[in-house]
Amino acid sequence: MTDPAELAGLLATWLPERRWYATKHLTPRIESVVVSAPARVDDGPEFLEVVVTDRPADARIVYQVPLVRRAVLPDGVHQGAVLGRDREGRWLTDAAHESAYLRRLLPRTGIAETRVLAGEQSNTSVICESADGPFDVIVKLFRVLDEGSNPEVDLQEALSGAGSPHVPRFVGAGWGGWTRGGSGEFGHLWVASEFIDGAEDAWRVAGAAVARGEEVDAEGLGRAVAEVHLALARELPTVSVDDAGLAAVVGAWRQRARLANAAVPALAQYRERVARVYEAAEHAAWPELQ
């Protein structure tokens, strides 16, 4: 069994080097590490589901760090995936770089090879090439965990279910539970959808075309955006903001402000003005939300 305290020491060194680590400007203060019982796919390595609570400032941040545990480090392993060895000499590596781990998440998609995309900030995206499925899949592992249903999952699932041709097809999503400061939370851990190779952001493509003096199908682009919003209006309900929902939104703002103030001391001069804006928001009339 991997010792959580020992793992916390490895994570304190490894986490700040990750692009998705939320507070690179602050020293990690790992409050807890929860490690699942090891699981194995066929004769492959062991997998550990790991949830880490970090408290570098006032706010607690919960990370998802699934790991692979094996006796021998394979050739060609990505160096950024290696945490180190446990006390029994077994290697611990980031499971996002392990094809067998992705096949475990999506056992019926025919995954053959996988590769982790570079450049992600708050998450880790993995391209999964399908050996016999109808299309390749991209899996996004949510590294920073938030309570509740992830809007990115809800929107894509709703639009895909409505048959929108403007979004990739939804494949699936995973849920899980964890604790933050002694309170239980539940939310999305990952989402999988169709991977469209070579796809680019439409607004970026249009902007680049304008810069080159080329014509842009602005009407078609606007129609596509309108169709997406009309589909969302049909598929998803609107809600009135109650006291609990308002407190959650404003509380999230205040948490981000605390992290920003801890990172940039010069922001202290704006602290009271920002606080007044948040206080005013608590007493304002809010519109219906979706």
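Analysis parameters
Residues numbered from 1 in each chain as written. Predicted model: local features only at pLDDT ≥ 70, side-chain atom pairs only at ≥ 80, totals over all residues. Heavy atoms only, no water. Core = buried A, V, L, I, M, F, W, Y, C linked by side-chain atoms within 4.5 Å. Buried < 20%, exposed > 50% of the residue type's maximum accessible area, 1.4 Å probe, protein only. Helix = DSSP H or I, 4+ residues; strand = E, 2+ residues; numbered from the N terminus. Contact = heavy atoms within 4.5 Å. Salt bridge = Lys/Arg side-chain N within 4 Å of Asp/Glu carboxyl O. Polar contact = N/O pair within 3.5 Å; in protein donor to acceptor, adjacent residues only side chain to side chain. Arc of directions from axis to C-beta. Pairing = 2+ DSSP bridges. Phe/Tyr/Trp six-rings, centres within 6.5 Å; stacked < 30°, edge-to-face > 60°.

What follows covers the nonpolar core. Of all hydrophobic cores here, the largest spans 26 residues; its most connected members are Leu-102, Leu-105, Leu-106, Cys-128, Val-137, Val-139 and Trp-190. Put simply, the parts of the chain that give this core at least two residues each are α2 (99-105), β10 (123-130), β11 (137-142) and β14 (183-194). With near-sequence residues (within four places) excluded, Leu-105 lies in contact with Leu-141 and Trp-190. Grouped together as the second largest cluster of nonpolar side chains are 22 residues, Leu-10, Trp-20, Val-65 and Leu-67 included.

Secondary-structure assignment places Arg-115 in strand β9 (residues 111-116). Given a relative accessible area of 41%, Arg-115 falls into the partly exposed group. Placed 19 residues apart in sequence, Arg-115 and Ala-96 show a C-alpha to C-alpha distance of 8.7 Å.

Below, the discussion takes up the pattern of salt bridges. Per the counting criterion, the structure on display carries 17 salt bridges. The partner of Arg-69 in a salt bridge is Glu-46, with the nearest N and O atoms 2.7 Å apart. Of the two residues, Arg-69 is situated in strand β6 (residues 67-70) and Glu-46 in strand β3 (residues 46-48); the sequence distance between them amounts to 23 residues. One salt bridge connects Asp-86 with Arg-90, and the closest N-O pair in it is separated by 3.0 Å. Among the residues examined, Arg-90 registers a relative accessible area of 18% and is labelled buried.

Turning to helix α4 (residues 202-211), a few remarks are in order. Sitting at the head of α4, Asp-201 places a side-chain oxygen 3.2 Å from the backbone nitrogen of Trp-203. One or two steps after α4, the chain reaches Gly-213, where phi turns positive at roughly 80 degrees.

It is worth spelling out helix α1 (residues 4-14) at this point. Within the span of α1, buried status applies to Leu-7, Ala-8, Leu-10, Leu-11 and Trp-14. Down the axis, α1 shows its buried residues gathered within 170 degrees of arc, on one side only. More than 90 degrees from the buried face of α1, the exposed residues found are Ala-5 and Thr-13. Those residues of α1 that are buried lie in contact with β1 (30-35), β4 (50-54), β6, β7 (82-85) and β8 (91-94).

Time to look at the sheet that holds strand β12 (residues 144-145). Across a sheet, strands are paired by hydrogen bonds formed along the backbone, either parallel or antiparallel in direction. What the four strands build is an open sheet, ordered β1-β4-β5-β12; its pairing is antiparallel. Of all the strands in the sheet, just β1 and β12 have a single pairing partner and so form its edges. Summarising the sheet, β4 and strand β5 (residues 61-64) pair through four bridges and their orientation is antiparallel. Each bridged residue has a counterpart across the sheet, and for Asp-54 the counterpart in β5 is Ile-61.

All right, on to the side chain of Asn-123 then. Here Asn-123 is to be found in strand β10. With a relative accessible area of 11%, Asn-123 lands in the buried category. Among the polar contacts listed, one links the side chain of Asn-123 to the side chain of Ser-122, at a separation of 3.2 Å.

Let us look at the packing of aromatic side chains. How two aromatic rings sit relative to each other is set out by the distance from centre to centre and by the angle between their planes. Evaluation of the coordinates by the stated rule reveals seven aromatic pairs. Ring geometry for Trp-14 and Trp-20: centres 5.9 Å apart, planes at 65 degrees, overall edge-to-face. Seen from their ring centres, Trp-20 and Tyr-63 are 5.9 Å apart, and the 50 degrees between their planes marks the pair as tilted. Pair noted here: Trp-20 is in the loop between α1 and β1 and Tyr-63 is in strand β5, with a separation of 43 residues, a long-range link. Here Trp-20 and Tyr-63 have matching classes, each one buried. Ring pairs connect the aromatic residues Trp-14, Trp-20, Tyr-21 and Tyr-63, which therefore count as one cluster.

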